[in-house]
Structures are given as C-alpha cells and as structure tokens.
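# Descriptive analysis of the structure
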Amino acid sequence: MHHFFLKSYRFFQQNKLPGILLLLVFVAGVGFLASKVELEEDVTGLIPSGKDQDVLKRILKETEFSDKIVVTISSEEEQPQELISYAERFIDSVNTKLPNFVENIEGKIADEGVREIYNFVYQNLPLFLNEADYTEIEKKLSDSAISKQIKEDYRSIISPTGIVTKNFIFQDPLSLGPIGLEKLRELQIGDNYLLYNNYLLTKDKKHLLLFITPTLPASETNKNNQFIADLKEIQQQLNAEFNTVEGDFFGGVLYSLANANQIKKDVQITISIVISILLILLILFYRKIYVPLILFIPGIIAAVTAIAILYIFKGSISAISIGIGSILLGITLDYGLHILTHYRNNHDVFQLYKEVTRPVLMSSFTTAIAFLCLLFVNSEALNDLGMFAAISVIIAAFLALLLIPILYGKRIGETPKNTFLDRLAGVQFFKIKPLFFSVVILFVFGLFFFTKVDFNNDLSKINFQPEAIKKAEQKIQNIANSNGKTLYLVSYGNSIDQALLENSKVYQNLKSVNQKSELNSYSSIGGVVLSTQTQNQKIQQWKDFWNSKDTSGIKNKILSESAQYGFKPASFQDFYDLLDKDFKNLQLEDYQNITNLYLNDFISISEDFATVTTTVNLGELPSQEFTTAFDNLDNTLIIDRERINEGFLGNLKDDFNQLIGLSILAVFLILLISYQNLEISLLTLLPIGITWIIALGIMGALKIEFNILNIIISTFVFGLGLDYSIFITNACLKEYQTGKSELKTYQTSILISVITTLLGIGALIFAKHPALRSVSSVSIIGVFSAVLVAFVLQVWLFNVLFINRRKKALPPFRFSRIGSFIRNKIYYKQDLYYQHAVLDNYRYKPVYSEAKAEFTEKKEPYLRVSNFIEKGECVFFFYSGIGVFPIYLSYINPNSNITGYETSEAVEIARNCFRSKHENLHFSTAIDTAKTCSTFIMPDHEINDIDEIKQVINRFGKKVIVLHKTLKTQWLLDANFEITYRQSGILVFEKE
C-alpha cells in the first residue's frame, strides 16, 4: 500500500499547481455539501430506540415540561396588597420591555374571567359531576334543604356582597354549580392557594405566584441569555423599589443557560491556554512555525468530508454527534504526529511511507471499526456519531499520508535537534523496575476494582447547578409544598379524543390511589376535559337522575319558599331551564375558548399525535408503589427522571457493554487480517484489555462513575490506546526483523500524542462544569493507563517473547510451542525439510509470507543441494537474500560452516534470525569473507558483480553448485571445473 502513497507523493511533487487546484476543488465541493446538511438539535436523540423510547422522544418533543418560568413575589409579613402592587408593576414592565420574549403571563384572573368559568361549568354541569356529586345533590333536593338554601340565598342578596352574588343566586338557587367547580381545583397542583383580588396567593398571603410562558424554548440559549438578563434587571429594579417585598424566579431555562454559559466559559478559558501551549511545543519540537496548521488540515478536511457524505446519504445529522465527534476527532491529530515524527527522524520519503503507511492505516481502520460498532447501539445520535467518526478517521489517515509529507517539505541534510522529548522517548521504560512493578501492581489492583465502577443514571449529577438557581428552585418547592417527588403521567393517542379517553383511565386510577394513600397534590384535567364517550355517559347519567325525580315538585317547592322572601316567580328561570336542557357534547375548542382554564399546559396536539398530561406530587408515597397502579395502562407513560434514566439510560449502558464486546471482536478481526498471525493480533489487543482493567480499577477505587457523556468518550480512549498498541507492535516487530531499534521514534510520536491529548481534553479537569470534569477525568486516567501499558508491559512482553529469545538463539513464542518456551529449549520434530525450524526464523515478520513462499517452492532443490555438502565443509552462499537457504542448510548440515553473502538490506533480516546466532552460520556484506570457503552456491538470482564472483571462485573454489537457470557457466569449465551432477535445474561443478 505504501507504493500507492509514494507514487501519489511524486505525482503531486511534479504537478504542484494541478494538485493544489484539485485539493481546493475537493474542499470547496465537500464544503458546499456539508453546509447544506440539516443539524438535528434534539437532545432526545441520545435516548435509545424502542417502542417506549420512541414514544418518550415524541412526548418530550411535543410537550414542554420545563419551559415555564415561575415568578415568586414574597414578603415576611402578611401584606397581600403590597404583593399585588409588585405583581402589577412586574407584569407591566415585562409586557412593555420583553414583548418578543414572553408569550403570556398567567396568575391573574379578571372578574369577567371568574364569571366566564362559572357560566361555562354551569351551562355544562353534567360533565363536571360524578357519582359522589349526585349523592350530594340528592341531599339538596329535600324540602328542608331547599327551605334552608333559599333562606341563605336571601341573606346573601341583602348583604353588602349581594351586588356580586345575586346573579349567581338567580342562576343557581340550590348552589349546584360549586359542586362542579370543585373539579377545576384539580387543574392546579396543590391546595395551598387562594384567589385574592384575582391573583393567586398562598393561604398565608405571604407569597404571590406568576407563570411566564416564554416565546423561545429552553434550547435557544443565545437569545434566552438576553431574555433572562432583562428579566433579572426588572426583578432587581422592583426589589430595590419595594423594601418589604422581594421577587424571584425559576425555570428550566435557567439551568439550560447556566450549563451552556459555563461550558462555553470553561472551554474558552482552557482551550485558549491549551492551544497556546500546544502551538509553542509543536513549533519548538518540529522547528517550523506552520507545523501545527499542517497537523490540523487532514482532520478538518476529513470532518467536513464526513458531514458531506452523511448529507448525501441522510440529509441530516445529529448536532450532538458533531459536538461529541469534535472531541473524539482529536485522534486524527495522531496520524499527522506519527508521520511528522518519522519524517523528522528519517529524511527518505520511500522509507517514511514504508514505515508509517501500514500502522497509520491499521490504526485508522481499527478505530473506525470501533466507532462503527456504535451503529449497534439503539440511539440515533450515537449512530450518527459512529458514522461521522468512522468516516472522518479513515479519510484523515489517507489525507495525512498524502498531504503531510508534501506540505512539510524536504528536510534532507537537516539533523533534528535532540530535545528533551527525544531523550525521554529514548528511555526503555520497561527496564525501570520501580515503574514496571508499579504498572503490574496497578493491573493486579485493577482486577479487584474494575467491576466496582458504577453507571450514574442521574443526569442532574452532570449538570452545572449554581447555588442561586438551586435556592430559587427550593424556595418554589417550599411555597408549593411540593418537596416530594413530582411525576408526569402522559396519556397519548393518534387523536385528542383517544388521548382524553386514556387520560380518563389515569384519572380514575389517580382518584383510587389518592383515597388509599394520600398524595401531596395532583393536577389533572381528567374531571374537566372528557372524551366523547365519557361525555355521553355523564349526560345520560344526568338525564337518568332527573328522570327519577319529581322535577315539578322541586320547582313548586322553590317557588313557594322564595315567594316568602319576595322573589318573583321568574327569578330562577335559568335553573328551571337547566333541568330541562338537552345537553350536547363539548369539543376541545369549547374548552380552549375559556381562556382562564389554561388547558394548553395539559394538552398537546400535532398532526397524528396528541398527549394529555397529569402532574402528581407524591409527598411521602414511594414512587414504586405509586407507579405500579398505572403499569397496566397501555397508552400512558410515566415521566419520572429516575425511572427514565434507570430504564432508558440503563439500556444504553447495556448497549455499551455489548459495544465493547463487538468492538474487541471487530478490532481483533482487523488485526488478524493485517498481521495474518494469531499471536501478534492477540499481543496487540492484550494491552487494550490491560489498559481497561487498570483504568476501570482506578475509577472504581476513586469512586469515579460512568455517565452518558464520559462512557461515550471512553470510545476515544479505546481508539487512542489501540493506536499506541499498534505503533508499539510495529516498532517491536521492526526491531525483531532488522535488529535496529525504532522504538524511540515511535515513542516520540506517542508522547506528543499524549501531551496534545492531555493538554486538550485533560485540561478540562479544571473546568467547573461537572460534565466536562467527568469527561476529562476519564480521559486522563485512560490515556495515562494506555501509554504506561504500551511503554512498559507491551514492550516488555515483546522483549520476553521475541527479541530476547532471538538474542539467545531461541525461536519466538508460539502457542503451539508453549512447552518448549517454558523449558527455554528448542524443540522441533526431525522432519526431512526442517520446515518449522526454518520458518520460525521469519515468523511474526513482514517477510514471513515471502520466506514461506520461497521455502515452499524451493525446498526440494534445497534438499538435493544439501546432499552435496560434506560434514564440516565451509560453504559460501552468494546472494543469500533474507537467508532462507543458508538457514535451512545450517539445520540439515549443522557441522558445516555456512556463510551467506548479501549486499542489500535483506542481510539485516537474515542476521536477525535467531538461527544466525549459531556458531557455524554467518551473514556478510563483504565478498572477501569467501576466501575461507571452498564450496560456493550460486542461487537463481540477478547477479550484478559477476567479475568479483569469478575471481573468488577461481582462487578459492573447489566445488560450485549452480541453481541459476540462465547463468552461463563456460567460465567454470575454463577454470578446470568439471560437471559432476546435472539434474532438476541443479549443476554441480568440482575442480580436480
């Protein structure tokens, strides 16, 4: 694969202008497509999918549980008129200064509003009555009760308040209307309130409540900042003006703003400091000012390209996934860092691509596969995150390989300055015993604690909650006497009538629960707004009740009793008409026309979905005991923060447990395909497992919990750890193959990655926002664990299993040779070809497939050649390549002194085979070493220095074995050699 990038590099070097134009056109194209993508800002996208979850997301989208702002106006003494004066000034100020931010203000009911509500209830009285109400009405119809009521009506009319009450009395002489009006009390949560001069006050007349419905949702933080600031200004001005009365307000929008502003402030402060430090470090290390810009180019282009691709296939993407992805995509910076570090230490572009292409592509594909496993999580936002991040890291890796060597420029002739980071990277950390044993102890420690990490379902724990807002919230709870848990019971259906029908079931269950275990309070329209079916039943119940009564006798009794007090016969005609009225069903519009019912707080209607909400404050009643009474209702969902978090976010935690398993399996398959070896794949994956155990153990011991945010960031840590592990594996394999340690270069790039990560995300540990701190703490622990395991345990494992064994002339570790590994001995079955012995010299090396192919093809000729070598004979092998043939001969002729001659870099591979440690096997680049030998082997290989070879053979040769198919051998005959064997492509020449 490195040949493709090398050709691309050379093409763009020779065609810079077309290359630049091509890049600009590409960036402009993907930029245009990315700009058209629709960002979905719905936070419910994080909620996992499923029947109940989908309903919940729809309900949260259609209803507004926390958008209202509650205004409290309080005084220490009972002075209601002062409260009202403050309220009137407040309402006037808000309506004057904030008309664009406020939809309406509730809390004041005009006189005509009271009359409107009474008339509405009275004209539709059957719909507001239940079984118990008819029992009470029955009592009011006795002769004595009628006499008593008419007498009270007369006294009320002649009293000073008669001017207000007389119209109600003429309309309803038996006072049936108040029975129906009682149902309206259920629309207000709590009974700690009274109506005083048309304002809602607490019974002690020390608190007045107003309710503001904002025009904008809580998510519009930028515009709401101005709204809340202006509202606070009005509050402060009035508080200064009224000495004995104080106003305050609270709403979900305050928490939204506090969180948004704190995150913004934390990120601005930390990132500005971090970027400054990071730029200085990168410039000092790479000695070029523009290096930081180069590093970010592939990641930025990749992110824009990913958005463009998602636009083509989806048209939209979750804004949450972009936000989280912007943090996770810091991993793309690593690819540039690795390439730059290798380029800095190796000026040869060919060698650069040969060294970094494979590990960079492996890292990107394994990380992408880990991200793509998010597709198996039932969450739309996380699905988007998985696709966005996976596409980005792959494209970033390709762009980094293509662009960075070109943009960085040629550095031939320059010697990089040895910095502190270089010196630190040159340390063999696994040899520092205190550090090594510390990591081992951490791992053992982690085994005991990694299962103790909890998943915190409470989203409030990762919210920023300023003390002032918490006090305002607590104040309102104390005023409302609602310190118990508050739940929302949402009935839903395809139409409002269906939702109302389901709500009536909720209402009946609610009444039953309240009778058994008294609730603190509840607010429901179940007794007010009814489905068509329920209305029909109530109208029929009204008819049945009065049909069973002597209505004429009741009218006559009222007439006779009222005549005693001077009432005219027609005074109560409205009541008589009510008894004979043919009631009709009400439509929702009829209810909504009564402005002071505020039904929009309970009902939400869209094209094919409607909800009706009931609010319950449980008081001392356990929530589990309450919710079991409603579990049998199909179309009702209980909105309980704790229950939602435990159920839905708990499911998300379970999905992540499956995700870890899927990620490990997928990554292992990619490693297996890339390395084509089980042992190396497992040894590359093992550090990730050790890292997780250590990281989780530390988290468990420090009581750091997972939450919805930092568990997602753990994907980032997994990807980083995987990158470190792959690069260390490649460094160790290169040393195992060539004997030349490249660990310093790889460790340098990893250390820069660690520094950039810790400066970037790790710096957020100083943030005030708990969500940012939780993300940062997990990142710090994870990154430190990953780099420690990679530098200490992984390098140690490779040394023990491979490098040190090569130095001891022992074969590398293999699962099938565990017995011989433990005994530290070489054990091979004595077969004809010594195949396992020969190939074990190349196992785990990139040249393994080459060695295996060569040996499989040529083992028969090798065997025949070995028959011509006498015991103790000195053999010189021209063009031995990676040493397969000489190594084979050293096994089959262990007493013969065998030298392999090779001028290419392949000789380093041969020298670093463990068999080369044998006393009778040598590899050389000097042809002069042939003078000690008398037997020469000429393989089927391109020969460049034939003249030198002829001189050596003429002077020292006694026997020449030729496997070269096209080599002209007349010169051997001329040098007095005779052909003693000619068969199967083998020629044997011997000198007399």
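Our structure's up above, just so we're on the same page.
One structure accompanies this document, and this report is about it. Computed from a predicted model, the values in this text were never measured in an experiment. (Residues numbered from 1 in each chain as written. Predicted model: local features only at pLDDT ≥ 70, side-chain atom pairs only at ≥ 80, totals over all residues. Heavy atoms only, no water.)

### Quick word on the overall build of the protein
- Counting its secondary structure elements, the protein contains 37 helices and 20 strands.
- The burial tally for the protein puts 53% of its 992 residues in the buried class.
- The long-range share in the protein, meaning contacts at least 24 apart out of those at least 6 apart in sequence, stands at 78%.
- Surface accessibility of the protein: about 45200 Å² in total, with carbon and sulfur atoms responsible for 55%. (Helix = DSSP H or I, 4+ residues; strand = E, 2+ residues; numbered from the N terminus. Buried < 20%, exposed > 50% of the residue type's maximum accessible area, 1.4 Å probe, protein only. Contact = heavy atoms within 4.5 Å. Areas by Shrake-Rupley, 256 points an atom, 1.4 Å probe, with all protein chains shown as cover.)

### Focus on the pattern of salt bridges
- The tally for this structure, following the rule as stated, stands at 13 salt bridges.
- A salt bridge links Arg-89 to Glu-241; the nearest nitrogen and oxygen atoms lie 2.3 Å apart. Note that Arg-89 is positioned in helix 4 (residues 80–97) and Glu-241 in helix 10 (residues 221–241), a separation of 152 residues in sequence.
- In this structure, Lys-740 and Glu-742 form a salt bridge, with 3.8 Å as the shortest nitrogen-oxygen distance.
- Connected through shared salt-bridge partners, Lys-543, Asp-582 and Lys-584 make up one network. (Salt bridge = Lys/Arg side-chain N within 4 Å of Asp/Glu carboxyl O.)

### Some points on the environment of Ile-765
- By secondary structure assignment, the location of Ile-765 is in the loop between helix 29 (743–760) and helix 30 (770–807).
- By relative accessible area, which is 32% here, Ile-765 ends up partly exposed.
- In this structure the C-alpha to C-alpha distance between Ile-765 and Ser-776, which are 11 residues apart in sequence, comes to 5.2 Å.
- Dropping the residues within four chain positions of it, Ile-765 is found in contact with Arg-773, Ser-776, Ser-777 and Ile-780.

### Overview of the packing of aromatic side chains
- Under the definition given, this model contains 30 aromatic pairs.
- Taken together, a centroid distance of 5.6 Å and an interplanar angle of 80° make the contact between Trp-542 and Phe-583 edge-to-face. Pair noted here: Trp-542 is in helix 21 (residues 532–547) and Phe-583 is in the loop between helix 23 (573–580) and helix 24 (588–592), with a separation of 41 residues, a long-range link.
- Judged by its relative accessible area of 2%, Trp-542 falls in the buried class.
- Residue classification places Phe-583 among the buried residues on the basis of a relative accessible area of 7%.
- Between Phe-878 and Phe-936 the ring centres are 5.7 Å apart and the planes differ by 20°, which places this aromatic pair in the stacked class. With Phe-878 in the loop between strand 14 (874–877) and helix 34 (884–892) and Phe-936 in strand 17 (residues 935–938), the pair connects residues that are 58 residues apart, well separated along the chain.
- We classify Phe-878 as buried; its relative accessible area is 0%.
- Over the ring of Tyr-736 we find Lys-845, and its NZ or CZ is 4.8 Å from the ring centre. (Phe/Tyr/Trp six-rings, centres within 6.5 Å; stacked < 30°, edge-to-face > 60°. Lys NZ or Arg CZ within 6 Å of the ring centre and 35° of its normal.)

### As for the pairing of strand 17
- Neither face of strand 17 is open: one carries Thr-935 and Ile-937, the other Phe-936 and Met-938, and all of them are buried.
- As judged from the 3 bridges shared by strand 14 and strand 17, these two strands associate in the parallel manner. When the bridges of strand 17 are listed, Val-875 appears paired with Thr-935.
- As judged from the 4 bridges shared by strand 17 and strand 18 (residues 959–962), these two strands associate in the parallel manner. Paired with Ile-937 across the strands is Ile-961, a residue of strand 18.
- Of the crossover connections in this fold, the one passing from strand 17 over helix 36 (residues 946–956) to the parallel strand 18 is right-handed. (Pairing = 2+ DSSP bridges. Right-handed = clockwise from strand over helix to strand, strands pointing away.)

### Things to note about the side chain of Gln-149
- In this structure, Gln-149 sits in helix 7 (residues 143–158).
- What Gln-149 contacts, discounting residues up to four positions off in sequence, is Lys-140, Pro-173, Leu-174 and Ser-175.

### Remarks on the environment of Tyr-842
- Here Tyr-842 is to be found in the loop between helix 32 (835–840) and helix 33 (848–866).
- Distance in space between the C-alpha atoms of Tyr-842 and Phe-914 is 9.1 Å, their sequence separation being 72 residues.
- Those residues in contact with Tyr-842, other than ones at most four positions away along the chain, are Val-847, Tyr-848, Ala-851, Ile-882, Gly-883, Val-884, Ile-887, Ile-909 and Cys-913.
- Among the polar contacts listed, one links the side chain of Tyr-842 to the backbone oxygen of Gly-883, at a separation of 3.3 Å. (Polar contact = N/O pair within 3.5 Å; in protein donor to acceptor, adjacent residues only side chain to side chain.)

### As for unusual backbone geometry
- Phi is positive for Gln-676, which is not a glycine, with a value near 55°.
- Within the secondary structure, Gln-676 sits in the loop between helix 26 (641–675) and helix 27 (678–701).
- The exposed category is assigned to Gln-676, whose relative accessible area is 66%.
- Of note in this structure, Asn-976 is not a glycine but carries a positive phi near 70°.
- Secondary-structure assignment places Asn-976 in the loop between helix 37 (970–974) and strand 19 (977–983).

### Here we look at the environment of Leu-618
- Mapped onto the elements, Leu-618 comes out in the loop between strand 12 (610–617) and helix 25 (623–627).
- By relative accessible area, which is 1% here, Leu-618 ends up buried.

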